[in-house]
Structures are given as C-alpha cells and as structure tokens.
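Each chain, written out:
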Amino acid sequence: MTVKRDAAATGSKRRRSHRSADSRTPWPLAVLAAVASTIFVVPLIGLIGSAPWRDLPNLIADEIVVDAIGLSLVSSLVAAMLSVILGVPLAWVLSRSRFPGQRLLRAVVTLPMVLPPVVGGAALLFALGRRGIIGEPLAEATGFVLPFSLWGVIVANTFVAMPFLVVTVEGAFDSVDRRYEAAAATLGANRFTVFRRISLPMIAPSLRAGLVLAWARALGEFGATITFAGNLSGRTQTLPLAVFVALEADRPRALAISLLLVVVSIVVLVTLRDQWWRR
Amino acid sequence: MPPSFQGALVVVSIIVISILAGCGSDGDRRTLRVFAAASLTDSFADLAEAFEAENPGVRVELNLAGSSSLREQILEGAPADVFASANEQVMDDLVAAAAVSGDPAPFASNRLALAVPAGNPADVDGLADLADAELLVGLCASQVPCGQLASEALGMAGVTAAPDTTEPDVRALLAKVEAGELDVGLIYASDVVASTGGVEVIAAPALDGHSTRYPVAVLSGSTSPALADAFMIFVLSPEGRAILDRHGFGR
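Now for a look at the structure at hand. Every value quoted in this text rests on a predicted model; they were computed, and no experiment measured them.

## Points about the packing of aromatic side chains
All names here are of chain B.
Turning to step 1, where the next piece is worked out: Evaluation of the coordinates by the stated rule reveals 11 aromatic pairs over all chains.
Turning to step 2, where the next piece is worked out: When the centroid spacing of 6.1 Å and the interplanar angle of 75 degrees are considered together, the rings of Phe107 and Tyr214 count as edge-to-face. Pair noted here: Phe107 is in strand S4 (residues 100–117) and Tyr214 is in strand S9 (residues 211–219), with a separation of 107 residues, a long-range link.
Turning to step 3, where the next piece is worked out: Here a set of aromatic residues connected by ring pairs shows up, and it is made of Phe44, Phe51, Phe107, Tyr188, Tyr214, Phe231, Phe234 and Phe249.

Spelled out as structure tokens, the structure:
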C-alpha cells in the first residue's frame, strides 16, 4: 500500500495518512512497552539459559514426565471441552436473558479469575470433597470420590479455565448485530435454531479465542489441582505439579519440564493467534 | 477512557506508591528474616514472638515452606538470615554450597505419627493399612524430609504403601487428614500437637526408631549476622527449648 503524505484531498486518503503517522511510536509508549516486554522476556531467557540441553531428551523421556504429559493433555483438553459445552450456554444466558441475581451470577462466574487458585481448590474440597456438602451424599450414594482422581484434576481445571471462555464469549454475544437474529426469527426459525445457525457462527472467532485461553489456563493450572486433587505421579500429577515437586530435588528435570511447557504453549499460541485472532 | 476511571487510576497509583515507599523507610526497626521448615510453622511463630518481646525494635519475618524448597530459594539468593531445616541433608547441601556461616546446630527432633481423622472412620489399626488400596492414603512427597523419613520407615517395616497423594509439604497433608478427605497419613508427631481439627494417632511401634533432626544455622548471606546469632542462641536456649517441647518436638 503506497501512501502519499501530501495528498489530503479525499477523506479516505486523509485517513490513510493518519495511519502512517500512527505507525511511528511516541517515545513514552516505546519506553514503557520495552519495560513491559522485558518483564516477559527476561524470565524466559533465564529458563532457556539454565536448561540442561544435552540431557533434555533423557529427562523428558522419563516415565514420570511422560505420565505427567499425558495427564496434562487429557485433563486440559477435557476441561477445555467442558468449558465450551457448558460455558457457551452460560455465556448466552448471561448476555441475553434478564433475571434477578444476574449481576451477582456474572460476578460469581468470573470469581475464579481473581481468586487465588489454592482458595478455589479449598472451596472445591469443601463442596465436592468426601466430607463436602455435595461430595458426602455423592460418595454415600455412589461410592464415587472426586478428590485424588483424574476427574478431580478435570474439575479443578474446568473451575479455573471456564471463566475465560465465558467472559470472551459473553462479550461476543453482546456485540452480535441483533438484526440478523431478528431476520432469522421472522423467517420462521425457532429460538434454538437462531442460536445454532446465526448467533453461534457469528461469534465463532471469539469462541475459538476463548477456547484457547481456557485450554492454556487449564494446562498451567497448579494451585487448585494440588489442593483439590492432590499429587500422585501417574494419577493426578500434571506437568505444573511435576515441575513444582522436581524443583526441590531434581532441578534439571524441573527445567526440562518447564521448557517443554513453554515450547508447547508458544507453539499453540503463535499458530492459533495468527490463524484465529488476527483473521 | 472516562475521567472517573483516570481519577481512580491516579488514586490507586498514589496509594500503591506510598505503601511501597513505606516498606523501605523503617528507620530504626530491624528485621530478621528466618526461613523455617513447614513443620516448624507454629513453634517458630511462638519463638519469633518471644524473641521480639525480648528484643524491642526487632521484627522477625518468617518464611515457611518445605525445607528443600527453602534450600532452593536460599541458593538462588533469596534474602535470609537464619535457616531452620527439617533434616540434616538439606542443611548439609547448604554447607557444601558455602551458604552457611559457622556450624549448624541441632535444636530439635521429630518422629513420624500414623494420623487418622477424628473418630478413625476407616478403622485404621496399624502401619499395614497404608498398603490398603481401598483406603485413601496420603504421604509426603519423597523430595521433602517427611517423605524421606516415611519411605525409610516403611522400607524397614516392609510395608509397600499405596498412596493416593504425595503432598509437597507436611502441613498440606495434615490439612487433608484433618478434613477427613484422607483416611490415613504419615505426618510428624509435632503436627499432631499443632492440629486444631483433631487428628488421632494410631500406635505404630515400627515408626519409633525413625526420627529426623532439625539443624539451625546463620546464613552467610545474612545482612544482620549479630541479630541472626542472637536468634539462633535463643532457639537453643532453655526458653526456646520450652517452646519446642510445648509443640511436641523431641530433643
């Protein structure tokens, strides 16, 4: 795109010249942005610099690490799926329905984003643990105990991850042009069909972004998981838990797992961001 | 950006900056940073309080975590004056890394206890129940001292435990036994004393021969070594001993 600075004749050209001026960053912004980048780049350099590159394959091929990779993938993917299946309807209700206590519900749904995950894990334990308000009758009736199981990890992951999807998707539902939905309704589509055929496709980009955010949050989950689901290699020890435990005894292994998490996260974020968010 | 938001931003910034500025300007107040094993949580809180009472103007900051986690923090240069570890191995690592000034001194010992929730709902009656796959069993992770002591004791007793969780610090394990989420766990005898939720101890003679010794040392990175020495001497004093006794620690 070529831009002529001096050609200010038409409105569209004026706008273009504005854009070109905007591309030169004002120095206060540049300085602060550089500081901001440093906060993220420096820890990464620390990690990469101290990583045991030569032993990396051996450290990652270790049985404990392989188990943790499998558990992390399964639990984070299932949590992301549950977040979509349950979170999209919730987001729709929060965006479109009007009912008493809605603002309170919206606050409660986003609470896990603010709450320390350990507190979330403790809350889950009080509610769904074997002695919990819901957990106790459940255990008595079915013998099923959530904590210290893979399902416990999935519940903890979903608890912290779903709010990211709900917030993203709710915002998208809010900004959908309602005239398309109204038009579909006049043409005889019932409300569920309108949701399925009109609203949902229109928010698809936000849904994908929310899905990625929720998945990423679930993959990195630590506090709620260790509090609610415990830590047992092969059953509930996900990658972040493995890093935490290894950090105390076997630093090269901890660094190797951390590096693995960083690589996976960056690959996913870079690919998805280019494909989905920048459209 | 609405003006009210900008206003709020300014107010918040001013508050934050004044708090941060306040942190550094503690003029005549001296702060001693004590890193102590998680199992020392209550006893060191009492020790710190008594030490502060005897030394006006001194504030003791406690950093409590698993011993090995604290070791890593110290090795990475975390500012600390005194370190109290839950086993000798962790302290030896710091001595080997020249992170300790002077010799560490043992000040307490601790035994393991087979703990169950109040009322012993799962009818645990001995160490062998740790191998019961039907029960929800908790141990400390093998990386922390209480986990090492547990695996040593279980190995000698010939019990192959079937844990449902291996907690990275003993207090987390205690909390889960207290809450009744676990049927049985191997914790420290001192943690039983510390428990407010009422755990019960099941007799397990096989645990008796196994104890861990707690060394305390002044760190070479200490910025107030004299005060650190004074605290270490206080821990080893009869007064310190009395506090440790009260919290269930052996000699």
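## Quick look at the interface of chain B and chain A
Turning to step 1, where the next piece is worked out: Across the boundary between the two partners, chain B contributes 23 residues, which contact 20 residues of chain A.
Turning to step 2, where the next piece is worked out: Overall, the association of chain B and chain A removes approximately 1800 Å² of surface from exposure, summing both partners, and the carbon and sulfur fraction of that is 49%.
Turning to step 3, where the next piece is worked out: Linking chain B with chain A are four salt bridges.
Turning to step 4, where the next piece is worked out: In this structure, the salt-bridge partner of Asp183(B) is Arg130(A), at a minimum N-O distance of 2.8 Å.
Turning to step 5, where the next piece is worked out: On the surface where chain B and chain A come into contact, there are 11 residue pairs in polar contact (both at pLDDT 80 or more).
Turning to step 6, where the next piece is worked out: Sorting the residues of the side of chain B that touches chain A by element identifies helix H3 (67–75) and strand S6 (165–167) of chain B as the ones contributing at least two each.
Turning to step 7, where the next piece is worked out: Tallying contributions element by element places H3(B) first for the side of chain B that touches chain A, with four residues.
Turning to step 8, where the next piece is worked out: For the side of chain B that touches chain A, the per-class residue count stands at nine nonpolar, six polar and eight charged.

## Notes on the nonpolar core
Turning to step 1, where the next piece is worked out: Judged by nonpolar contacts, the single largest core of 63 residues is most densely connected at Leu40(B), Phe44(B), Phe107(B), Leu114(B), Leu130(B) and Leu186(B).
Turning to step 2, where the next piece is worked out: Counting contributing residues, this core receives three or more from each of domain 1 (9–109 + 213–246) and domain 2 (110–211) of chain B.
Turning to step 3, where the next piece is worked out: The contacts of Leu40(B), once residues within four sequence positions are left out, are Ala45(B), Leu64(B), Ala84(B), Phe107(B), Tyr214(B) and Phe249(B).
Turning to step 4, where the next piece is worked out: The next biggest cluster of nonpolar side chains, apart from the first, holds 18 residues, and it includes Leu165(A), Val169(A), Phe173(A) and Leu207(A).

## Considering the side chain of Glu72(B)
Turning to step 1, where the next piece is worked out: As for its position among the elements, Glu72(B) is in helix H3.
Turning to step 2, where the next piece is worked out: According to the relative accessible area criterion, Glu72(B) is buried, its value standing at 14%.
Turning to step 3, where the next piece is worked out: Other than its neighbours up to four places away in sequence, Glu72(B) contacts Leu247(A), Glu248(A) and Arg251(A).

The rules behind these values
Residues numbered from 1 in each chain as written. Chains lettered and ligands numbered in written order. Predicted model: local features only at pLDDT ≥ 70, side-chain atom pairs only at ≥ 80, totals over all residues. Heavy atoms only, no water. Phe/Tyr/Trp six-rings, centres within 6.5 Å; stacked < 30°, edge-to-face > 60°. Helix = DSSP H or I, 4+ residues; strand = E, 2+ residues; numbered from the N terminus. Contact = heavy atoms within 4.5 Å. Buried area = accessible area lost by both parts, 1.4 Å probe. Salt bridge = Lys/Arg side-chain N within 4 Å of Asp/Glu carboxyl O. Polar contact = N/O pair within 3.5 Å; in protein donor to acceptor, adjacent residues only side chain to side chain. Nonpolar A, V, L, I, M, F, W, Y, C, P; charged D, E, K, R; others polar. Core = buried A, V, L, I, M, F, W, Y, C linked by side-chain atoms within 4.5 Å. Buried < 20%, exposed > 50% of the residue type's maximum accessible area, 1.4 Å probe, protein only. Domains from an automatic or database assignment.

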